[in-house]
Amino acid sequence: AQTVTQSQPEMSVQEAETVTLSCTYDTSENNYYLFWYKQPPSRQMILVIRQEAYKQQNATENRFSVNFQKAAKSFSLKISDSQLGDTAMYFCAFANIRDDKIIFGKGTRLHILP
Amino acid sequence: DVKVTQSSRYLVKRTGEKVFLECVQDMDHENMFWYRQDPGLGLRLIYFSYDVKMKEKGDIPEGYSVSREKKERFSLILESASTNQTSMYLCASRDTGTVETQYFGPGTRLLVL
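About the criteria used
Per chain, residue numbering runs from 1 following the sequence as it is written. The naming scheme follows written order: chains are lettered A onward, ligands numbered 1 onward. Only residues with pLDDT of 70 or above have their local features reported here, since the model is predicted, and side-chain atom pairs are shown and tallied only from 80 upward, although totals for entire chains, interfaces and linings are computed over all residues. Excluded from the side-chain calculation are hydrogens and water; included are all heavy atoms of the structure. Working definition: helices are DSSP H or I runs of at least four residues, strands are E runs of at least two. Numbering for both runs from the N terminus. Every radius of gyration here is taken over C-alpha atoms, with the globule rule written as 2.2 Å times N^0.38, N being the number of residues. Burial here depends on accessible area, computed with a 1.4 Å probe over protein chains only, as a share of the maximum for the residue type. Under 20% is buried, over 50% is exposed, and the range in between is partly exposed. Two residues qualify as a contact provided that any one of their heavy atoms is within 4.5 Å of a heavy atom in the partner residue. Surface accessibility follows the Shrake-Rupley procedure with a 1.4 Å probe radius. Residue values consider only the protein chains on display as shielding. The positive count covers Lys and Arg only, the negative count covers Asp and Glu only, and His and the chain ends enter neither. A charge is said to be at NZ when it belongs to Lys, at CZ for Arg, at CG for Asp and at CD for Glu. Here's the idea: put two parts together, see how much 1.4 Å probe accessible area each one loses, and the total over both is what we call buried area. Salt bridge, as used here: a side-chain nitrogen of Lys or Arg that lies within 4 Å of a carboxyl oxygen of Asp or Glu. Contacts described as polar in this section are N or O atom pairs within 3.5 Å, which, within protein, must combine one atom able to donate a hydrogen with one able to accept it, while residues neighboring in sequence count only if both atoms come from side chains. The rule for a disulfide is simple: a pair of cysteine sulfur atoms within 2.5 Å. The pairing criterion for strands is at least two bridges between them, as found by DSSP. Residues belong to one nonpolar core when they are buried, are Ala, Val, Leu, Ile, Met, Phe, Trp, Tyr or Cys, and are joined through side-chain atoms within 4.5 Å. Under the pairing criterion, centres of Phe, Tyr and Trp rings, with the six-membered ring standing for Trp, must be within 6.5 Å; the plane angle then separates stacked pairs below 30 degrees from edge-to-face pairs above 60, leaving the rest tilted.

**Points about the overall build of chain B**
And then number 1: On a plain count of helices and strands, chain B comes out with 0 helices and 11 strands.
And then number 2: For 113 residues, the compact-globule estimate of 2.2 N^0.38 gives 13 Å, and the C-alpha radius of gyration of chain B, at 13 Å, lies within 12% of that figure.
And then number 3: On the principal axes, the C-alpha backbone points of chain B span a range of 40 × 30 × 25 Å.
And then number 4: Here chain B holds 113 residues, and the buried ones make up 50% of them.
And then number 5: Taking the intrachain contacts of chain B between residues at least 6 apart in sequence as the baseline, contacts between residues at least 24 apart amount to 56%.
And then number 6: Surface summary for chain B: the accessible area is close to 5,300 Å², and the carbon and sulfur share equals 50%.
And then number 7: Computed over 16 positive and 16 negative side-chain charges, the inter-centroid distance for chain B is 7 Å.

As structure tokens, then:
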């Protein structure tokens, strides 16, 4: 069975700093997607960034980038120049292309401090 | 933009009541999902549906049922609400074969007293 582990339940950083959220996963599959979702306080969950396992290049979306280490089954999210609006719960997630289900980690609550 | 809406943001019910949570999506997606979100547990899949009148159990279906009579609407039903069903419920939808683009509703926070 696939599992997703986020080892940091909660983190706080100062505005403008860079922060890295950790995620590891376990699977025997070769083709899959990895995601980071953001859930701001009292707001809708949105997709921040996704990575296809067959792509070696790390995905980047503006200030958000990932460090995808397939052999180590690690998928960390780096937020550069953090902003107050980045305060949210962040979920790492895995999807096996074969059966189409998304498995979520338990989340990391990130606080950006002014 | 895809829009997924849920009928209530907050709901308070009594133990034993029958509760309906409604979800509607406006993008003609085949696949719809119900999750519950609890602190320290993340999101857990309750039920999902790949088509009208079709349903599949997720990881924690006990105490819940679902209904999908129309493509755009997916209802979660608590036949007899219990206090351990107090939670945040999230609906999601996506097109077939597009696991990389799943859209979520705003959530319904349910309190069962």
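**Looking at the interface of chain B and chain A**
And then number 1: Counting residues at the interface gives 22 residues for chain B and 18 residues for chain A.
And then number 2: Buried area between chain B and chain A, both sides added, is near 1,700 Å², and the carbon and sulfur share of it is 53%.
And then number 3: Counting across the chain B and chain A interface gives 0 salt bridges.
And then number 4: Seen at the junction of chain B and chain A, the total is 3 residue pairs in polar contact (both at pLDDT 80 or more).

**Considerations on the state of the cysteines**
Residues and elements named next belong to chain B.
And then number 1: Within this structure, the stated rule accounts for 2 disulfides over all chains.
And then number 2: Between the sulfur atoms of Cys23 and its disulfide mate Cys91 the distance is 1.8 Å. Between Cys23 and Cys91, the S-S torsion sits near -75°, and that sign places the bridge as left-handed. Residue Cys23 is found in strand β3 (residues 19-25), and its partner Cys91 is found in strand β9 (residues 87-94); the two are separated by 68 residues along the sequence. For the pair shown, Cys23 and Cys91 are each scored as buried.

**What to know about the pairing of strand β10 (residues 88-96) of chain A**
Remark: a regular strand shows side chains that alternate across the two faces of the sheet.
All names here are of chain A.
And then number 1: Where burial is concerned, most of β10 is hidden: 9 out of the 9 residues are buried.
And then number 2: Of the two faces of β10, both are covered, the one formed by Ala88, Tyr90, Cys92, Phe94 and Asn96 as well as the one formed by Met89, Phe91, Ala93 and Ala95.
And then number 3: Note: strand β5 (residues 32-39) against β10, 8 bridges, orientation antiparallel. Across the sheet, the residue bridging to Leu34 is Phe94, located in β10.
And then number 4: Pairing geometry for β10 and strand β12 (residues 108-113), over 3 bridges, is antiparallel. Following the sheet pairing, Tyr90 is matched in β12 by Thr108.

**Describing the nonpolar core**
Residues and elements named next belong to chain A.
And then number 1: In this structure, Leu21, Tyr25, Trp36, Phe75, Leu77, Tyr90 and Leu110 are the most contacted members of the largest nonpolar core, which totals 26 residues.
And then number 2: For this core, the secondary-structure elements that each account for two or more residues are β2 (10-14), β3 (19-21), β5, β6 (46-52), β8 (64-69), β9 (74-79), β10 and β12.
And then number 3: At 4 residues, β10 tops the list of elements feeding residues into this core.

**Observations concerning the packing of aromatic side chains**
And then number 1: For the structure shown, the criterion picks out 17 aromatic pairs over all chains.
And then number 2: Relative to Phe104 of chain B, the ring of Tyr37 of chain A lies with its centre 5.4 Å away and its plane at 85°, an arrangement referred to as edge-to-face. Of this pair, Tyr37 of chain A sits in strand β5 while Phe104 of chain B sits in strand β10 (residues 103-104), each in a different chain. The pair Tyr37 of chain A / Phe104 of chain B is uniform in exposure class, with both members buried.
And then number 3: Plain terms: the ring middles of Tyr64 of chain B and Tyr89 of chain B are 5.9 Å apart, the flat faces sit at 65° to each other, and that makes the pair edge-to-face. Here the residue Tyr64 of chain B occupies a position in the loop between β6 (56-57) and β7 (65-70), and Tyr89 of chain B occupies one in strand β9, the gap between them amounting to 25 residues. The burial state of Tyr64 of chain B is the same as that of Tyr89 of chain B; both residues are buried.
And then number 4: Among the aromatic side chains, those forming a connected cluster through ring pairs are Tyr33, Phe35, Tyr37, Phe91 and Phe104 of chain A together with Phe33, Tyr35, Phe48, Tyr50 and Phe104 of chain B.

Read these as spatial facts, not as claims about activity.
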